[in-house]
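Working through the structure, step by step
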Amino acid sequence: MKRGQLASGVRAIVYAVVLGVIGWQLWSRRSDLVAGVAAVGAARCLLATALALAGLWLGMLGWHTLLAGVGVPVALRPATRLYFVSGLAKYLPGGLWPAVAQADLARSLNLPATRLAVTFLGSVVVSVLAGLAVGLPALLPLVGAAIPVSVLVATGALAALLATVVHRRRQRFGLAIPGRSMLVAFALTAAGWMITGLHVVVLAGALGVPARSAPLLIGAFALATVAGMVAVVLPAGIGARDGVLLAMLVGVVGPAGGLTVVVLSRALMTCADVVAAGVAVLAARQLLPVEPAQRR
């Protein structure tokens, strides 16, 4: 068996495991999901999924901007495949699997691994900072709440740590992400956070939460998801993200309603990740590998 065939076989097995893990997560909560869909309505669930997909797309465009900033001008369709397919690895325990998967897929496109690594770290920093910025409207009701405040301190520390890692990585390899690229990526990522967060507004609206609570709900989702990013050992932040989001929603929609929104949010975001990856693969399957100008 040739090396390329072996790598393709291993890759197929890994992603089969990932899809199996995702399927098990959804199946294990099937009773709660059925009850949640019945409470919220199928139409709202579809709208919430569409909003999640739109937000994920903007996040990908932010990453694509950073990738171009480090001198890797990849066409949009193969970049979309690289971003969304490698992103499924976050459902495995451990925070580095998306980076590993991204590096593996980058080799199939003949892309420079070092520049991909710098872009990945830079995108995490931008995502955390943009999430904290979008989460600001949700901070005031949390003053004095020990757990959310500790989470915010942890996320700020993580952002500082990642920024330091990116800076040292940049110095070591002589790579720099231009400031303009960082600002554009930040704006796109923040917009992605806000649009994705609207899916919580849609779900909570079915339970009687007024539209004026939208900034709080969007901010709560952003902060909770960033908390999940901090908990790097948990697959897709399961437990950390859900617990923080529930704690922040209880005062708005009540314990039962908060649990319904949290369960549906987790399931719909997972479905959006899978759909985005599937569409990206279908869109890019006929494309040839990209030959970059430089390989470092």
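The structure presented is a predicted model; accordingly, all values stated were derived computationally and were not measured.

This next bit is on the overall build of the protein chain. In terms of regular secondary structure, the protein chain is built from 10 helices and zero strands. Each helix and strand of the protein chain, placed in order from N terminus to C terminus, yields the pattern α-α-α-α-α-α-α-α-α-α. Within the protein chain, buried positions represent 46% of all 296 residues. Contacts spanning at least 24 positions in sequence make up 80% of the contacts within the protein chain whose residues lie at least 6 apart.

Attention now goes to the side chain of serine 127. Mapping serine 127 onto the fold places it in helix α6 (residues 113–134). With near-sequence residues (within four places) excluded, serine 127 lies in contact with Thr189, Trp193 and Met229.

What follows concerns the nonpolar core. Ranked by internal contacts, the top residues of the largest apolar core, which has 70 residues, are Leu111 and Leu249. Every element with two or more residues in this core is listed here: α2 (30–40), α3 (42–69), α4 (76–87), α5 (97–108), α6, α8 (179–205), α9 (214–230) and α10 (240–284). Ranked by the residues each element gives to this core, the list is headed by α10, at 16 residues.

Take α4 next. In this model, α4 (12 residues) spans 16 Å end to end at C-alpha, consistent with the 16 Å of a helix rising 1.5 Å per residue. For α4, the complete set of buried residues consists of Pro78, Ala79, Thr80, Leu82, Phe84, Val85 and Ser86.

Before going further, it helps to spend a moment on the packing of α3 against α6. The interhelical angle for the contact between α3 and α6, taken along N-to-C directions, is 135°, at an axis separation of 9 Å. For the element pair α3 / α6, the angle class is oblique. The hand of the α3/α6 crossing is right-handed. Along the contact surface, α3 presents Trp63, Leu66 and Leu67, while α6 presents Leu116, Thr119, Gly122, Ser123 and Val126.

In the structure shown here, the tally under the stated rule is three salt bridges. In this structure, the salt-bridge partner of arginine 241 is aspartate 242, at a minimum N-O distance of 3.7 Å. Overall, the relative accessible area of 5% leaves arginine 241 in the buried class. With a relative accessible area of 15%, aspartate 242 lands in the buried category.

Topologically, threonine 189 is positioned in helix α8. Residue class for threonine 189 comes out buried when judged on its relative accessible area of 10%. Not counting residues up to four positions away in its chain, the partners in contact with threonine 189 are Gly62, Val126, Ser127 and Ala130.

With respect to the element layout, alanine 267 can be found in helix α10. The exposure class assigned to alanine 267 is buried, which follows from its relative accessible area of 7%. Placed 238 residues apart in sequence, alanine 267 and arginine 29 show a C-alpha to C-alpha distance of 8.8 Å. Discounting chain neighbours no more than four positions away, the residues touching alanine 267 are Leu26 and Leu33.

The next thing to look at is the packing of aromatic side chains. Going through the model one piece at a time under the given rule, you end up with three aromatic pairs. Taken together, a centroid distance of 5.3 Å and an interplanar angle of 40° make the contact between tryptophan 63 and tyrosine 83 tilted. Separated by 20 residues along the polypeptide, tryptophan 63 in helix α3 and tyrosine 83 in helix α4 bring together distant segments of the chain. On the numbers, 5.1 Å between centres and 85° between planes, the contact of tyrosine 83 with phenylalanine 84 is edge-to-face. According to the relative accessible area criterion, phenylalanine 84 is buried, its value standing at 8%. Here the aromatic residues Trp63, Tyr83 and Phe84 are joined through ring pairs into a cluster of three or more.

Quick notes on the rules
Residues numbered from 1 in each chain as written. Predicted model: local features only at pLDDT ≥ 70, side-chain atom pairs only at ≥ 80, totals over all residues. Heavy atoms only, no water. Helix = DSSP H or I, 4+ residues; strand = E, 2+ residues; numbered from the N terminus. Buried < 20%, exposed > 50% of the residue type's maximum accessible area, 1.4 Å probe, protein only. Contact = heavy atoms within 4.5 Å. Core = buried A, V, L, I, M, F, W, Y, C linked by side-chain atoms within 4.5 Å. Expected span 1.5 Å × (residues − 1). Axes fitted to C-alpha atoms, helices over the stretch in contact; angles between N-to-C directions. Parallel < 35°, antiparallel > 145°, perpendicular 65-115°, else oblique. Left-handed = near helix turned anticlockwise from the far one by under 90°. Salt bridge = Lys/Arg side-chain N within 4 Å of Asp/Glu carboxyl O. Phe/Tyr/Trp six-rings, centres within 6.5 Å; stacked < 30°, edge-to-face > 60°.

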